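# A look at the structure
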Amino acid sequence: MPHWRKCIFGCKGDYPLFTLPKDETIRQKWLDFIFGNYPLPKKNWYICAKHFTDDSFLNKGLFDKGLIGRLSLLDDAVPTLKSTHTSWESAQYTPISRSVGTMCVVEMKSQGTSTTQQTADIGIQCMLLTPALDDQDSNGPESDEEPETDEEDTDWAPGAEESEDEDFDLEDVVESCPAAERKFIVFESCLRTLFAVCVVCSGACTVTMKQIMGTMVVVSSVCKRTGDHTRVWYSQPAHNSVPVGNLMIAAATLFSGCSPTVALNLFRHMSVGIYSLKTYFNLQRCYLIPAIQRVWNIKQQAMIMKKKGTALRLGGDARCSSPGHTTKYGSYCLMDMNTGEVLTTHIVECNGVQGRATVELEGLKQGICILEQHGLIVTELITDRHAQVCKWLKTEKPNIKHWFDVWHVSKSIFRKLVAAAKKPNCTSVGLWAQAISNHLYWTAATSGGDADMAVQKWTSVARHVCNTHEGHGDIFPRCEHGEINRQWVENGSRAQEEIQAVVLNSRLLEDVRQLSPPDQTSSLESFHNVVCFFGRKQGHFLHPSVEARVILAALHFNENVGKERARKLDGAQRWKVSYPKFKKGGAVVRPVKESDTYDYVRRLMELVWQIWLEAPSYEEILVPETFIS
C-alpha cells in the first residue's frame, strides 16, 4: 500500500484501502456511514478494511494466509464498523514522497572474501556484476546472499534467479494485479542499442538474447574491455519460472472474445515473441476458466438473492454453436424480463441428448431446476413455439404461464405471405405482408392477455384487407382506425384466399391465444449477438471453452444492459442512422448508447492473478469445480 494514502478515519496500521463503489445505492450507504450530515471533501479519500466485517470480503481467507496480496470486497459490501475516532474530521493526512524508479541490484566482487551489495534507482530492472576497485567493502549494506558467478547457466529458466534474489521486483507484482501496469512493444534493435554501452566503464558491450520464453526476453550484456562487467535484464517479472506476461496476454485474449489462433497469428505476423497454442490452452484450463467460473458464481448468487420472494417473468431461448443440423453444442439461457439480466446459461451437448431437436428442452429443464433449487418462483415464461417445450410446460409445469414470443410467430407469417405472393394473381399479397405481420404485434400489445380478444383482433385483418371494417366479432366488432386510403384486395379473389389460408390457420389461431402481451424476447436476441461475438459459430471450441465464452457473454451483457443514452456537450441526445437487415436497405434512426464498460474484466484479471499465486504450476491445479449453471 502506498504510504501517502491514509484511511479517512485516520486508522493506524497497514490495512488495505478501498475507494467508493460505482453502484449508486451502495455508494450512498458508504457516504452515509462515513460522513453522515457533513459535507463531502473535495480531495480523494480512502477507507480501510478495518471498517468491514469478515463476510464483506471475497478472498479474506487467502489474504490472511498470505497467499495473495490484494484484498477484494464483494459488490454489495458496506462498511459498518466504527473507528476509534469519533468522526472523520479528526483524521490527519501527511503526504509522503515516494520514488518511482526500479531497483537495480549491483554486486561488487573483489579478490578478497567479502561481497557487498548496493542498490540504486536507475529506472530499469537489472543486476550488475562488477569487480570492486579496491579490497575495501562498499558503503552499501552487507548481504547474506550468495554472490553471482561469471559462468553462464545453461539450464536457466525464468524465475530461477528471482527465487534466490529477494531484491527482484516481484513484491510489487504480488501486491497488485499486473494487468493494470502499462506495457510497451520494444524492438530488438532498440534493446541492443540500450545495452551496447557498459554502465560501469562506458566501454562497448556484447549483447545477447540470453533466453526467450514466450513474451519474456532476458538480455545479457558483457563488457568487451574486461569481460567482468556483466548485466542481466528481464523484460518482465516471472513467478515460479513462468513469465507473467504469458498469463496476462492469454487472459486478455479470452476475456476479449478473441480466437487464440487469430491472436497468436497477429503476434507472429509482427515477429513479436509469443507462447505456443499448447501453452495458451494450458493457461486457459488451469487459470482462466476457473476464474470465469468463480466470478459468474458470485454474480449469479447475488442476482438470485435479490430475486428471492418475487414472482419471476422469464424469457428463454436456445442458440446452436454452429449453423445447420451439424451443431455439436447448444446454449440455453433464461433472462429476467423485468431487469434484462441473464440468470442462467447452460451448455447442452447434442451427443448427450436425443438429437439436436431436444437440446432446447434439456437446456430449459436445467435452467428451471437450478432456479427452483434456489427457492425462486417462476410464474411466467416467454419462449418460441417449440413443440417439446410446449408439451413439457403443459404437463410438468402447469403452474407456469407459457407465452409465445411475437417475433417468432410474426416472422413465420411474413415468410408464408411472401411465398404466397409469388403465386399467379397474388401480387397484392406481397403488398400486405408487412402490414399483416405488424398487425400481430398490435394484437398482442392491445389485448392485455385476453385470449378471445386476441383471436378476434387477429382474424379481423382477413376482412380488413378487403376494405371491410365491421362485423369482426362480439368482443371486437369494428376496426379502430380512421379513414385510410390504400390498395385493397379484391373480395373473393385468389389473393384473398391465400391471405385467409395464412391468417385463419387453426394452429396459428391457437398460438395467437398465447401471444405475450407485456414483453418479448428481443433482449435475448441481443444477448445471442453478444454470444456470437465471444464464441463465433465458424470456430470450433471444446465444451469448457464454449461454456466459458457463453458465461463471458452473460457477464458483459449484464454489466451493460442498463446503459444510458449518450448525449452531446450541450445535453442534446445523440442519434445515428443504421441499415438493419430486416429493412432490406432501408435506414433506421436509433439513439446512441454510452460506451460499454468492462469492470468484469478487471475482476477476472485480479482473480486470475490470485489463482496463479495459489497454484503457480499446472501440476498443482485441481480439477475445476462445476458451474452452477
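Rules used throughout
- Residues numbered from 1 in each chain as written.
- Predicted model: local features only at pLDDT ≥ 70, side-chain atom pairs only at ≥ 80, totals over all residues.
- Heavy atoms only, no water.
- Pairing = 2+ DSSP bridges.
- Helix = DSSP H or I, 4+ residues; strand = E, 2+ residues; numbered from the N terminus.
- Axes fitted to C-alpha atoms, helices over the stretch in contact; angles between N-to-C directions.
- Contact = heavy atoms within 4.5 Å.
- Buried < 20%, exposed > 50% of the residue type's maximum accessible area, 1.4 Å probe, protein only.
- Core = buried A, V, L, I, M, F, W, Y, C linked by side-chain atoms within 4.5 Å.
- Parallel < 35°, antiparallel > 145°, perpendicular 65-115°, else oblique.
- Left-handed = near helix turned anticlockwise from the far one by under 90°.
- Nonpolar A, V, L, I, M, F, W, Y, C, P; charged D, E, K, R; others polar.
- 1 Å grid on protein atoms, 1.4 Å probe; cavity = no way out; pocket = protein on both sides within 12 Å on 5 of 7 lines; lining within 4 Å.
- Points joined across faces, edges and corners; volume = space filled by probe spheres on them.
- Arc of directions from axis to C-beta.
- Salt bridge = Lys/Arg side-chain N within 4 Å of Asp/Glu carboxyl O.

What follows covers the sheet that holds strand β11 (residues 311-320). Either a parallel or an antiparallel arrangement is found when strands of a sheet pair, and the pairing is made through backbone hydrogen bonds. Read from one edge of the open sheet, five strands run β13-β12-β11-β14-β15, paired in mixed fashion. The outermost strands of the open sheet, each flanked by one partner alone, are β13 (342-349) and β15 (401-404). Between one strand and the next, the sheet's axes are offset by a mean angle of 25 degrees, whatever the strand orientation. Relative to strand β12 (residues 329-336), β11 runs antiparallel, the two sharing seven bridges. When the sheet's bridge partners are listed, Asp317 is paired in β12 with Cys333. Sheet strands in contact with helix α10 (residues 387-396) are β14 (377-383) and β15, and its direction is about 160 degrees off that of β15. Helix α17 (residues 543-560) rests against β12 and β13 of the sheet, and its axis sits at about 160 degrees to β13.

Take the environment of Leu277 next. Among the structural elements, Leu277 can be located in helix α8 (residues 277-307). On the basis of relative accessible area, Leu277 is assigned to the partly exposed category, the value being 31%. Between the C-alpha atom of Leu277 and that of Pro260, which follows or precedes it by 17 residues, the distance is 7.3 Å.

This brings us to the nonpolar core. With 70 residues, the main nonpolar core has Leu247, Phe255, Leu364 and Phe527 as its most contacted residues. Of the residues forming this core, the biggest block, twelve residues, is contributed by α8. Every residue in contact with Phe255, bar those within four places of it in the chain, is listed here: Leu288, Ile292, Phe534, Leu552, Tyr600, Val601, Leu604, Met605 and Val608. Val409, Ile436, Val502 and Val503 belong to the second-largest nonpolar core, a separate cluster that totals 29 residues.

One can describe the packing of helix α16 (residues 522-534) onto α17 by two numbers: an axis separation of 8 Å at closest approach and a directional angle of 125 degrees. Comparing their axes, α17 and α16 come out oblique. The element α16 and its partner α17 pack so that their crossing is right-handed. Contacts between α16 and α17 involve Ser523, Ser526, Phe527, Val530, Val531 and Phe534 from the first element and Arg549, Val550, Leu552, Ala553, Ala554, His556 and Phe557 from the second. Per-class residue counts for the contact of α16 with α17 are nine nonpolar, three polar and one charged.

At a minimum axis separation of 10 Å, α8 and α17 run at an interaxial angle of 45 degrees. Classed by the angle they form, the pair α8 and α17 counts as oblique. Crossing of α8 against α17: the hand is left-handed. For the pair α8 and α17, the contacting residues are Tyr280, Gln284, Ile289, Ile292, Val295, Trp296, Lys299 and Met303 in the first and Pro544, Ser545, Ala548, Arg549, Ile551, Leu552, Ala554, Leu555 and Asn558 in the second.

A word on the layout of surface pockets. The calculated volume of the second largest pocket comes to roughly 2200 Å³. What lines the second largest pocket is a set of 48 residues, among which Trp407, Ser522, Glu525, Ser526 and Asn529 lie closest to the centre. Counting residues per element, the ones that place at least two in the lining of the second largest pocket are α11 (406-421), α12 (427-446), α16, α17, β17 (588-591) and α18 (599-614). Across the lining of the second largest pocket, the residue classes break down as 18 nonpolar, 16 polar and 14 charged.

Of all the residues in helix α7 (residues 260-269), the buried ones are Pro260, Ala263, Leu264 and Phe267. Buried residues of α7, seen end-on, are gathered within an arc of 95 degrees and therefore sit on one face of the element. Those residues of α7 hidden inside the fold are in contact with α6 (244-255), α8 and α17. Just downstream of α7, Ser271 is the residue with a positive phi angle, here 60 degrees.

A complete count under the given rule lists 17 salt bridges for this structure. One salt bridge in this structure joins Arg603 and Asp75, with 2.7 Å as the shortest N-O distance. One end of the pair, Arg603, is in helix α18; the other, Asp75, is in the loop between α2 (60-64) and β3 (103-109), with 528 residues separating them in the sequence. A salt bridge links Lys563 to Asp596, with the nearest nitrogen and oxygen atoms 2.6 Å apart. Taken together, the positions of Lys563 in the loop between α17 and β16 (575-578) and Asp596 in the loop between β17 and α18 put the pair 33 residues apart, joining distant regions of the chain. Exposure remark for Asp596: the relative accessible area of 31% places this residue in the partly exposed category. One network of salt bridges, with partners in common, ties together Asp75, Lys299 and Arg603.

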